[in-house]
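Observations on chain architecture
Next come the chains, spelled out residue by residue.
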Amino acid sequence: MNTGDTAWLLAATALVLLMTPGLALFYGGMVRTKRVLNMLMMSFVSIALVTVV
């Protein structure tokens, strides 16, 4: 295994995990007020699910 490839994979993974809360806030702004918490939780549950997988 190439160490450069491994470092790139870890850096890309970290960037995606940092991007997801911003995406959750973006999606939260697109739904009605009653559904904001549900949309935020769906985004954060997807982070947890992808981390486990």
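The coordinates are above.
Everything in this summary refers to the structure shown in the same document. Just so we're clear, the structure is a prediction, and the values are computed from it rather than from any experiment.

**Remarks on the side chain of Thr-20**
- Within the fold, Thr-20 resides in helix α1 (residues 3-29).
- Among the residues examined, Thr-20 registers a relative accessible area of 12% and is labelled buried.
- Here Val-16 takes part through its backbone oxygen, which lies 2.8 Å from a polar atom of the side chain of Thr-20.
- Not counting chain neighbours up to four residues away, the residues in contact with Thr-20 comprise Ser-43 and Ile-47.

**Comments concerning helix α2 (residues 36-52)**
- Taking 1.5 Å of rise per residue, the 17 residues of α2 would be expected to cover 24 Å, and the 25 Å separating its terminal C-alpha atoms lies within 8% of that figure.
- Among all positions in α2, only Met-39, Leu-40, Ser-43 and Ile-47 are buried. End-on, the buried residues of α2 take up no more than an arc of 105°, which puts them together on one face. In this structure, α2 carries Leu-37, Leu-49 and Val-52 as exposed residues pointing more than 90 degrees from its buried face.
- On its buried face, α2 sits against α1.

Rules of the game
- Residues numbered from 1 in each chain as written.
- Predicted model: local features only at pLDDT ≥ 70, side-chain atom pairs only at ≥ 80, totals over all residues.
- Heavy atoms only, no water.
- Helix = DSSP H or I, 4+ residues; strand = E, 2+ residues; numbered from the N terminus.
- Buried < 20%, exposed > 50% of the residue type's maximum accessible area, 1.4 Å probe, protein only.
- Polar contact = N/O pair within 3.5 Å; in protein donor to acceptor, adjacent residues only side chain to side chain.
- Contact = heavy atoms within 4.5 Å.
- Expected span 1.5 Å × (residues − 1).
- Arc of directions from axis to C-beta.

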